[in-house]
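Letter by letter, the chains look like this.
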Amino acid sequence: MTEFVWGAAASAFQIEGATQEDGRGESIWDRFAATGHVANGDTGDPACDHYHRWREDLDLMRSLGLQGYRFSLAWPRIQPDGRGLANAKGLDFYRRLVEGMLERGIRPLATLYHWDLPQALEDGGGWAARETAYRFAEYAELCFDVLGDVVEDWITHNEPWVTSFLGYGTGVKAPGIRDWSAALAASHHALLSHGLVASAFRDAGRAGRIGITLDLTVANAATGSEHDLAAARRLDGHHNRWFLDPLVTGEYPEDMLAHYESRLGSFDAVHDGDLETIRRGGLDFLGVNFYRPNLVRAASEDGVLGLEEVAQAAEVTAMGWPVVPAALTELLLRVRRDYGDLPILITENGAAYDDVLDGGSVVEDEPRVAYLHDHIAAVVRAREQGVDVRGYYVWSLLDNFEWEWGYEKRFGIVFVDFPTQRRVFKRSALWYRDWIARQTNGSVS
Ligand code: IFM
């Protein structure tokens, strides 16, 4: 991972479709969609039908000159019930996919968990149950055994903040549970599972690198009042430090432990040795997903965090997320200042807009071109100031299943006409292709 990699990212559930093929088991997102929690009744089928069209999609990547592709493995394809012997057909699919990348000169970056927990494990408590961390370690070994010779770079979790706090706290994402104590336990078990997997990876002397991807934010206070500043600090603690601190220093942040305990009672998910396991697992690199900063003020109504979001003076994307590229530079500098000189990959960055296929050969998406241009410039500025950023993966290659929003939100640089599955380049894909072509020898200008 010495040269800078320009790539694109996607995840299994969001693009593959074929949810009932070749022995795949049910995931929590299949169940969440089937029980009416996704806009327009959308489900994981057909998504981008990538399970059948992966060759065409890899060809698209090659034609754009992408150097890397971040994809995820669907745990329920590999262990339909989340435990026991591997389903060979599931692993074969990913083996073919990775070999296809290598044949096209595209470097694979594999994520082991991007939110599609086997439903059978959820039935046993999901991430709120400690057992799931051990099942995850078992699943990871199956993946390493079969793909370890062709994949060098591994990510254990994508956005454990979302897995735990949105999946088990606010319940807006699968499995849709609203129990903050369960969410806290889930966050710990996700981190523990990272520690177990990364330590085992190194102890076994496996070749390659292993890290985790966090969705980090810049938490700003709406005013300079003591209460609002404290609210911003809490959001930073909740969203960023709760994950970064144990991974880097082996401790949860004291202020957040005290805060959660004051609101939720004792936090007893942590067993002796867990924090050392998490720290020892450590990071060969840190994956950073960045979309937007948050502006908050203190609010007593929110039972747990005691804060609320305030609108920012910035343009917004189709998700309503403010566009503030300078915050990405600020975030990267902050990570280096507080956590040291970690190799960093920007494993996701991008924006949803209401793109329209109007019969032309290219879908015009100037706002996305501007978003990518300005955020890449923000990464370049951080690099110029010494942050060790080694790659950038645009989210996302294709329009896809945007979780509880279904197919309504389009993040792709390639438009997908879902009824026909036709792929059409957006202007941003061509802009990104040209940007990559202008970078020579892996350098970033
Ligand atoms: O689509 C998601 C992705 O799965 C995880 N990070 C944020 C993206 C946009 O919401």
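Going by the structure above, here's the rest.
What you are looking at is a predicted structure, and each value in this text was computed from that prediction instead of being measured.

Conventions adopted
- Residues numbered from 1 in each chain as written.
- Predicted model: local features only at pLDDT ≥ 70, side-chain atom pairs only at ≥ 80, totals over all residues.
- Heavy atoms only, no water.
- Pairing = 2+ DSSP bridges.
- Helix = DSSP H or I, 4+ residues; strand = E, 2+ residues; numbered from the N terminus.
- Axes fitted to C-alpha atoms, helices over the stretch in contact; angles between N-to-C directions.
- Contact = heavy atoms within 4.5 Å.
- 1 Å grid on protein atoms, 1.4 Å probe; cavity = no way out; pocket = protein on both sides within 12 Å on 5 of 7 lines; lining within 4 Å.
- Points joined across faces, edges and corners; volume = space filled by probe spheres on them.
- Nonpolar A, V, L, I, M, F, W, Y, C, P; charged D, E, K, R; others polar.
- Buried < 20%, exposed > 50% of the residue type's maximum accessible area, 1.4 Å probe, protein only.

A.B. asks: I would appreciate a short explanation of the sheet that holds strand β9 (residues 307-309) in the present structure.
C.D. replies: Spatially, the 3 strands line up as an open sheet ordered β6-β8-β9, and their pairing is mixed. The two strands at the open ends of the sheet, each matched to only one other strand, are β6 (219-221) and β9. The mean inter-strand angle of the sheet, taken between neighbouring strand axes irrespective of direction, is 40°. With 3 bridges joining them, strand β8 (residues 294-298) and β9 adopt antiparallel strand pairing.

A.B. asks: Just checking my understanding: could you explain the sheet that holds strand β1 (residues 5-9) for this structure?
C.D. replies: Think of a sheet as strands paired side by side through backbone hydrogen bonds, with each pair either parallel or antiparallel. Spatial ordering of the closed barrel is given by β1-β2-β3-β4-β5-β7-β10-β11, a layout of 8 strands whose pairing is parallel. Ignoring strand direction, the axes of neighbouring strands in this sheet form an average angle of 25°. In this structure, strand β5 (residues 209-215) lies alongside strand β7 (residues 286-289), joined through 4 bridges in parallel fashion. Among the inter-strand pairings, T213 is bridged to a residue of β7, identified as G287. Contacting β7, β10 (344-348) and β11 (389-395), helix α13 (residues 326-339) runs over the sheet at an angle of about 140° to β10.

A.B. asks: What's the story with the layout of surface pockets in this structure? I'm lost.
C.D. replies: Rolled over the atoms, a probe as big as a water molecule pinpoints where empty space is left. Reported here for the largest pocket is a volume of approximately 930 Å³. For the largest pocket, the lining is made up of 38 residues, of which W161, L166, H239, R292 and W321 are closest to its centre. Secondary structure elements with two or more residues in the lining of the largest pocket: α8 (160-169), α10 (226-249), β8 and β9. Taken together, the residues that form the lining of the largest pocket break down as 19 nonpolar, 9 polar and 10 charged. As a volume, the second largest pocket reaches approximately 160 Å³.

A.B. asks: Looking at this model, I keep getting lost on the pairing of β11. Mind explaining?
C.D. replies: The buried fraction of β11 amounts to 6 of the 7 residues, a majority that puts the element mostly inside the structure. The sheet contact formed by β1 and β11 spans 5 bridges and is parallel. By the bridge assignment, A9 is partnered in β11 with W395. In this structure, β10 lies alongside β11, joined through 3 bridges in parallel fashion. Considered in β11, the bridge of I344 is made with V389.

That is the geometry; function is a separate question.
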